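Descriptive structure summary
In case you want the letters, here they are:
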Amino acid sequence: MRGWVLACCAVLSLGACAAETVWAPDEDVARAAYRHDGPPSLTLYTMINNNNGSGAHTSLMINGSQRVIFDPAGSFKHETIPERNDVVFGITPAVEDVYKRYHARASYHVQVQELDVPPETAERVMQLAKGYGPVPSAQCARSTSTILAQVFPENITATWGPRKLADQFASLPGVTEERLREYDSDDNSKVLEAWDPTRYAAERKAAAQDTAVAKQATDG
């Protein structure tokens, strides 16, 4: 068990701080709220050491009435992305992308497992995540599995191991999986330093305008 605890600790700054209460203001959470147009779903992220195959961090994206990431004892933090006790709000496609790239680098890759669920299941998991409270260091898989075990008791039990939780999650019917690999520097702080939501919004707007102009030209 000690090996799993160390794997989930701050050795890699993947998921590793002492429990600390973080509570973004209501207006920030409301402003950031994002509802993805895809089906209600749960996406389990497992960060895996490329050298020895051990699990380093666990987190869970929940797409329900809005899309959030439960990032227990995680280090993914930015002043434009509100958080309440390890629940990160405003998970637009851009934020989801930067979140995954923040964790994938030379020494680690990200196992991404997705499961479509009924709307009430997504909401239950979201409420459990919101109510869990700040998660202490090294309890990323423990907290996530404790939540999921309440929803899928026949497939998932509480565990300290990120890889074990991933294996349990894979046993649920309908789970799909992909792996994200990148080979950037292990200094993942640069990913967040480069994150500029204003620039991203401007680029998306320009791309949409270009698409509209191209469509008009084709229709004409």
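For every chain, the first residue of its written sequence is number 1, and the numbers climb from 1 along that sequence. Per-residue local features are limited, in this predicted model, to residues with pLDDT of at least 70; the limit for side-chain atom pairs, both in listing and counting, is 80 or more; totals at the level of whole chains, interfaces and linings are taken over all residues. As a convention, hydrogens and water are excluded, and side-chain values are obtained from all of the structure's heavy atoms.

Attention shifts here to unusual backbone geometry. A positive phi is found at Ala73, a non-glycine position, where the angle reads about 55°. Helix numbers and strand numbers start at the N terminus; a helix is a DSSP run of H or I with at least 4 residues, a strand a run of E with at least 2. Of note, Ala73 is situated in the loop between β3 (67-70) and β4 (83-84). Positive phi outside glycine occurs at Asn85, with the angle close to 45°. Looking at the secondary structure, you find Asn85 in the loop between β4 and β5 (87-88). We call a residue buried when its accessible area falls under 20% of the maximum for its residue type, exposed when it is over 50%, and partly exposed in between, using a 1.4 Å probe and counting protein chains only. Its relative accessible area of 9% is what places Asn85 among the buried residues.

Right, let's get into the layout of surface pockets. Roughly 190 Å³ of volume is contained in the second largest pocket. Here the term cavity refers to a set of points on a 1 Å grid, laid over the protein atoms alone, in which a 1.4 Å probe fits but cannot get out; the term pocket refers to an open set having protein on both sides within 12 Å along at least five of seven lines, with lining residues being those that place an atom within 4 Å of a point. Lining the second largest pocket are 17 residues, and of these Ser41, Thr43, Met61, Glu96 and Glu114 sit closest to its centre. Mapped by element, the contributors of at least two residues to the lining of the second largest pocket are β1 (41-49), β2 (55-63), α3 (93-103), β6 (108-116) and β7 (176-180). Looking at side-chain class alone, the lining of the second largest pocket contains four nonpolar, six polar and seven charged residues. Grid points are joined across faces, edges and corners, and a volume is the space filled by probe spheres set on the points. Three classes are used, and their members are as follows: Ala, Val, Leu, Ile, Met, Phe, Trp, Tyr, Cys and Pro are nonpolar, Asp, Glu, Lys and Arg are charged, and the others, Gly among them, are polar.

Every residue gets a pLDDT, meaning the predictor's confidence in that residue, from 0 to 100. Averaged over the chain, the pLDDT score is 87; the fraction of residues at 70 or greater is 83%. Contacts of residues 1-17 to residues separated by more than four positions or lying in other chains number 49 contacts, the stretch itself having pLDDT below 50. Note on contacts: a residue pair is in contact if any heavy atoms of the two residues lie within 4.5 Å.

Glancing now at the packing of helix α4 (residues 119-132) against helix α5 (residues 140-151). In a pair of packed helices, the angle between the axes and the distance between the axes together describe the arrangement. Every axis corresponds to a line fitted to the C-alpha atoms, with the helix fit spanning only the stretch in contact, and the corresponding angles, defined between N-to-C directions, vary from 0 to 180 degrees. At a closest axis distance of 10 Å, the pairing of α4 and α5 adopts a crossing angle of 140°. It follows from the interaxial angle that α4 and α5 lie oblique. As for how α4 packs across α5, the hand of that crossing is right-handed. On α5, the residues touching Thr121, Arg124, Val125, Leu128, Ala129 and Tyr132 of α4 are Ser143, Thr146, Ile147, Gln150 and Val151. Classifying every residue of the contact of α4 with α5 gives six nonpolar, four polar and one charged. When an angle is under 35 degrees it counts as roughly parallel; over 145 it counts as roughly antiparallel; between 65 and 115 it counts as roughly perpendicular; any other value is oblique. Crossings are classed by handedness, with left-handed meaning an anticlockwise turn of the near helix from the far one by less than a right angle and right-handed meaning a clockwise turn.

Attention now goes to the environment of Ala149. Summarising the element assignment, Ala149 is placed in helix α5. Separated by 20 residues in sequence, Ala149 and Phe169 place their C-alpha atoms 10.0 Å apart. Those residues in contact with Ala149 that lie beyond four places of it in its chain are Ile156, Thr157 and Ala158.

Moving on to α4. Look at α4: 20 Å from first C-alpha to last across 14 residues, which is about the 20 Å you get at 1.5 Å a residue. Taken as a whole, α4 has its buried residues at Thr121, Ala122, Val125, Met126 and Ala129. An end-on view of α4 places all buried positions within 135° of arc, on one side of the element. Turned more than 90 degrees away from the buried face of α4 sit Glu120 and Gly131, all of them exposed. Packed against the buried residues of α4 are β1, β2, β3, β5 and α5. At the exit of α4 stands Gly133, carrying a positive phi of roughly 90°. Helix span, as expected, comes to 1.5 Å for every residue beyond the first. Taking the helix axis as origin, the arc is that swept by the directions to the C-beta atoms.

Turning our eyes to something else, we now look at the packing of aromatic side chains. Here is the rule: rings of Phe, Tyr and Trp (six-membered ring for Trp) pair when centre to centre is within 6.5 Å. Planes less than 30 degrees apart are stacked, more than 60 are edge-to-face, and the remainder are tilted. This model, assessed by the stated rule, comprises four aromatic pairs. Arranged with centres 5.5 Å apart and planes meeting at 45°, the rings of Tyr45 and Tyr99 form a pair that is tilted. In this pair, Tyr45 is assigned in strand β1 and Tyr99 in helix α3, connecting sequence segments 54 residues apart. The residues Tyr45 and Tyr99 share a single accessibility class, namely buried. By way of ring pairs, the aromatic residues Tyr45, Phe76, Tyr99 and Tyr102 are connected into one cluster.

On the secondary structure map, Asp71 appears in the loop between β3 and β4. Asp and Glu are treated as the negative residues and Lys and Arg as the positive ones, with His and the ends of the chain left uncounted. Only one rule defines a salt bridge in this text: a Lys or Arg side-chain nitrogen within 4 Å of an Asp or Glu carboxyl oxygen. Buried Asp71, no salt bridge; nearest opposite-charge side chain is Lys77, N-O distance 6.4 Å. Two N or O atoms form a polar contact when they lie within 3.5 Å of each other; inside protein one atom must be a possible hydrogen donor and the other a possible acceptor, and for residues adjacent in sequence the pair counts only when both atoms belong to side chains. In this structure the side chain of Asp71 is engaged in a polar contact, spanning 2.9 Å, whose partner is the side chain of His57. Side-chain polar atoms of Asp71 contact the side chain of Tyr99, separated by 2.7 Å. Beyond its immediate stretch of four places on either side in the chain, Asp71 contacts His57, Ser59, Phe76, Asp86, Val88 and Tyr99.

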